[in-house]
Amino acid sequence: MNLLQKSAFAEVNEKVQQAGHLLNLKPGVIQALSSCEREVVISIPLRKGDDVEVLTGYRVQHSSARGPRKGGIRFHQDVDLDEVRALASLMTWKTALIDVPFGGAKGGVAVDASKLSLIEKEEIIRRWTRSLVHVLGHHRDIPAPDLGTDARTMAWLMDEYHRLEGFQPACVTGKPVELFGAPGREEATGRGVAQIAAATLEKDDVKVKGATVVIQGFGNVGRYAALVCQELGMKVIALSDVSGGIIDKKGIDVESIFMHKSLEHVQSEERIGAADVLELKCDVLIPAALGGVINENNWKRIQASYIVEGANQPISIEADTQLRAQGVVIVPDILANAGGVMGSYFEWTQNIQEFSWPIEKFRKELDTRMEKAFDTVHKTSKKYSVDLRTAAFLVSVERVAKAFEMRGSLV
Ligand code: NAD
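On a predicted model such as this, the values are computed, not experimentally measured, just so you know. Residue positions are given per chain, counted from 1 along the sequence in the order it is written. Whole-chain, interface and lining totals are the exception, using all residues; otherwise, since this is a predicted model, local features are given only for residues with pLDDT of at least 70 and side-chain atom pairs are given and counted only at 80 or more. Side-chain measures here rest on the full set of heavy atoms in the structure, leaving out hydrogens and waters.

1. Remarks on the overall build of the chain
- Every helix listed is a DSSP run of H or I at least four residues long, and every strand listed is a run of E at least two residues long, numbered separately from the N terminus. Scanning the chain from N- to C-terminus turns up 13 helices and 13 strands.
- In summary, the chain has a C-alpha radius of gyration of 20 Å against a globular reference of 22 Å for 411 residues, a match within 12%.
- In terms of overall dimensions, the chain has C-alpha extents of about 55 × 55 × 50 Å along its principal axes.
- The buried share of the chain, taken over its 411 residues, is 58%.
- For the chain, the share of sequence-separated contacts (at least 6 apart) that also reach a separation of at least 24 residues comes to 67%.
- Accessible surface area values rest on a Shrake-Rupley calculation with a 1.4 Å probe, where residue burial reflects the displayed protein chains alone. Accessible surface computed for the chain: about 17,700 Å², of which carbon and sulfur atoms make up 50%.
- This count recognises Lys and Arg as positive and Asp and Glu as negative, with His and chain-terminal groups excluded. Charge coordinates come from a single atom per side chain, which is NZ of Lys, CZ of Arg, CG of Asp or CD of Glu. The positive charge centre, built from 50 side chains, and the negative charge centre, built from 54, are 4 Å apart in the chain. For a compact globule the rule gives 2.2 Å times the number of residues to the power 0.38, and the radius of gyration it is set against comes from C-alpha atoms. Exposure categories follow from relative accessible area, calculated using a 1.4 Å probe and restricted to protein chains: below 20% of the type maximum is buried, above 50% is exposed, and the middle band is partly exposed. Any pair of residues with heavy atoms lying within 4.5 Å of one another is described as a contacting pair.

And the structure:
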């Protein structure tokens, strides 16, 4: 980050404060909503031959005003306290926006997940869980997968939690279906992103069928977003992951490459750089990898008409302002990728009830509730004559502020 750039947490708080002022909230309430309830930083010694390497891990709990804190855990070399704070805060606004009874939290470990063996990954998540077990639990704080972690990682987390605290599969979501996971959770974030992209086009009377889509990221979010975009009739013309990207103007057959772990060995006539896909001409651009990828360095070269944020915070506030001024419609992360936490909510409730839904019911519930959130944000943007991000924050900040004030005890 250069000195002129705002920190990720400061960027989220700018939106929270803007919404707070528009809603006429008291200054103290705005300050409370801009702060995190609890931040825990731990060291994680990882065996390396006959020595150890000490990693840093985090869990930040931003708010419990509307329910137990909820949020993923990320393994990435760039993880730091500021990023985790920002992501924890975004979870508060996301869970409020889709109206599920959760607050917000986030966790992470500063480590390059691509360089870890399976055993190392297991060792790290077990240690992370042991160190944080006192603040976790199905009615306290419920982790889920994020960048660099997956269903297998959540299975280890659950297993470690069970050893320490006894059986409670609702202590974590995004687990494998074989181990108390919910059929439909894995695809939920990407499915939601694609559905929201289609709904956004429809709202503007743009034809969904044949609309061109470019996606950065071919992990959990990116690959399911690509698949469902294709199922909805859109044409995915480019995809990229950390190894680089592929282009096919006629439309990539996403289904045929879906099982490839990486795009590195996928056959393609044309290849492109991992970040260069962002600058391709298309109807819908879906950044679904890292934060901050669209910023003051590249916003002038963005050619998409719509940007649907699959990743968290992929666009800096400055780039967001500039792009909107040029007529680009931006669907914010707290709406676009909320299908993940919606799916986590379904998994959590099923675990608590020891009951399981068929995938068809999961998908129907997800689609209906995402549509409702989308409509609420659209109506709010019209009511206040604001962009979709500001509207989304207005809805969620109002809900959290009401819960915060009604609780009385101030948490
Ligand atoms: P993942 O680890 O499954 O996949 C990440 C993808 O990004 C991989 O394909 C990786 O190769 C690619 N990538 C990494 N660095 C890149 C680079 N420099 N250039 C291009 N591609 C790069 O992670 P995920 O779960 O799909 O999460 C992706 C984003 O979506 C994150 O911002 C995450 O916070 C957000 N998100 C995830 C979920 C979820 O349910 N998994 C929910 C909401 C939001």
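2. Considering the side chain of Asn-13
- Mapped onto the elements, Asn-13 comes out in helix H1 (residues 8–22).
- Apart from residues no more than four positions distant in its own chain, Asn-13 is found in contact with Leu-33 and Ser-34.

3. A short note on empty space enclosed by the protein
- Lining residues are defined by having an atom within 4 Å of a point belonging to a cavity or pocket. Those points lie on a 1 Å grid over the protein atoms alone, cavities being sets where a 1.4 Å probe fits but cannot get out and pockets being open sets with protein on both sides within 12 Å along at least five of seven lines. Grid points are joined across faces, edges and corners, and a volume is the space filled by probe spheres set on the points. Summed over the entire model, instances satisfying the criterion amount to 1 cavity of 30 Å³ or more.
- Considering only enclosed or pocket space, the largest cavity measures out at about 110 Å³ in volume.
- Taken together, Glu-11, Val-12, Lys-15, Leu-90, Gln-313, Ile-315, Ser-316, Ile-317, Asp-320, Asp-333, Arg-389 and Phe-393 make up the full set of residues lining the largest cavity.
- Where the lining of the largest cavity is concerned, the elements lending two or more residues are H1, helix H9 (317–325) and helix H13 (388–407).
- Per-element accounting of the lining of the largest cavity gives the leading share, 3 residues, to H1.
- Gly is put with the polar residues, along with every residue not named as nonpolar or charged; the nonpolar set is Ala, Val, Leu, Ile, Met, Phe, Trp, Tyr, Cys and Pro, and the charged set is Asp, Glu, Lys and Arg. Taken together, the residues of the lining of the largest cavity break down into 5 nonpolar, 2 polar and 5 charged.

4. Examining unusual backbone geometry
- The backbone of Asn-24 sits at a positive phi, close to 60°, despite the residue not being glycine.
- Inspection of the secondary structure puts Asn-24 in the loop between H1 and helix H2 (27–33).
- A positive phi is found at Gln-313, a non-glycine position, where the angle reads about 50°.
- Among the residues examined, Gln-313 registers a relative accessible area of 17% and is labelled buried.

5. Structural notes on the pairing of strand E5 (residues 104–110)
- Counting buried residues in E5 gives 6 out of 7 residues, a clear majority hidden from the surface.
- In this analysis, strands are considered paired if DSSP registers two or more bridges between them. Pairing analysis gives 6 bridges linking strand E2 (residues 51–63) to E5, with the strands arranged antiparallel. Following the sheet pairing, Val-60 is matched in E5 by Lys-106.
- Looking at chain direction, strand E4 (residues 73–76) and E5 are connected through 4 bridges and run parallel. Of the residues in E5, the one forming a bridge with Ile-73 is Gly-107.
- This β-α-β element, E4 to helix H3 (residues 81–97) to E5, shows right-handed connectivity. With its strands directed away from the observer, a crossover is right-handed exactly when the path from the first strand over the helix to the second travels clockwise.

6. With respect to a nonpolar patch on the surface
- Patch membership needs two things, relative accessible area over 30% and no salt bridge, and members are linked within 9 Å if like-charged or within 5 Å if nonpolar (Val, Leu, Ile, Met, Phe, Trp, Tyr). Take a side-chain nitrogen of Lys or Arg and a carboxyl oxygen of Asp or Glu: if they are within 4 Å of each other, that pair is a salt bridge. Taken together, the side chains of Phe-167, Leu-179 and Phe-180 define a hydrophobic patch exposed on the protein surface, amounting to about 280 Å² of accessible area.
- Within the secondary structure, Phe-167 is located in the loop between helix H5 (151–165) and helix H6 (185–203).

7. Here's the deal with the domain arrangement of the chain
- Residue ranges assigned to the domains are those given by an automatic or database domain assignment. Assigned domains of the chain: these are domain 1 (36–169) and domain 2 (187–331).
- Summarising the inter-unit geometry, the C-alpha centres of domain 1 and domain 2 are found 27 Å apart.
- Tallying the contact residues gives 9 residues for domain 1 and 4 residues for domain 2.
- Together domain 1 and domain 2 conceal approximately 460 Å² of surface at their shared face, both sides included; 52% is due to carbon and sulfur atoms.
- For the purposes of these results, a polar contact is taken to be a pair of N or O atoms within 3.5 Å, where, inside protein, one atom must be able to donate a hydrogen and its partner to accept one; residues adjacent in sequence count only when each atom of the pair is a side-chain atom. For the interface between domain 1 and domain 2, the tally reads 1 residue pair in polar contact (both at pLDDT 80 or more).
- Sorting the residues of the side of domain 1 that touches domain 2 by element identifies E4 and H3 as the ones contributing at least two each.
- Tallied by class, residues from the side of domain 1 that touches domain 2 come to 4 nonpolar, 1 polar and 4 charged. Joining two parts hides part of their accessible area as seen by a 1.4 Å probe, and the buried area is that hidden amount summed over both.

8. Section: the sheet that holds strand E1 (residues 38–48)
- Judged by pairing direction, the sheet is mixed, and its 4 strands sit side by side in the order E1-E2-E5-E4 without closing on themselves. The outermost strands of the open sheet, each flanked by one partner alone, are E1 and E4. Direction aside, neighbouring strands of the sheet carry axes that sit 20° apart on average.
- Between N-to-C directions, angles span 0 to 180 degrees; the directions come from axes that are lines fitted to C-alpha atoms, helices contributing only their stretch in contact. Where helix H4 (residues 118–132) meets the sheet, its contacts fall on E1, E2, E4 and E5, and the angle it forms with E1 comes to roughly 145°.

9. As for the packing of aromatic side chains
- Working definition: rings of Phe, Tyr and Trp (its six-membered ring) pair if their centres are within 6.5 Å, and the pair is stacked with planes under 30 degrees apart, edge-to-face with planes over 60 apart, and tilted otherwise. Counted by the stated rule, this structure contains 8 aromatic pairs.
- Considering the side-chain rings of Phe-102 and Trp-348, the 4.8 Å spacing of their centres and the 65° angle between planes classify their relative orientation as edge-to-face. Of the two residues, Phe-102 is situated in the loop between H3 and E5 and Trp-348 in helix H11 (residues 339–353); the sequence distance between them amounts to 246 residues. Comparing Phe-102 with Trp-348 shows no difference in burial state: the two are buried.
- Measuring from centroid to centroid gives 5.2 Å for Phe-346 and Phe-362, while their planes differ by 90°, and the two rings are edge-to-face. Of this pair, Phe-346 sits in helix H11 while Phe-362 is found in helix H12 (residues 359–384), placing the two residues 16 residues apart along the sequence.
- With relative accessibility at 1%, the residue Phe-346 sits in the buried group.
- Residue classification places Phe-362 among the buried residues on the basis of a relative accessible area of 1%.

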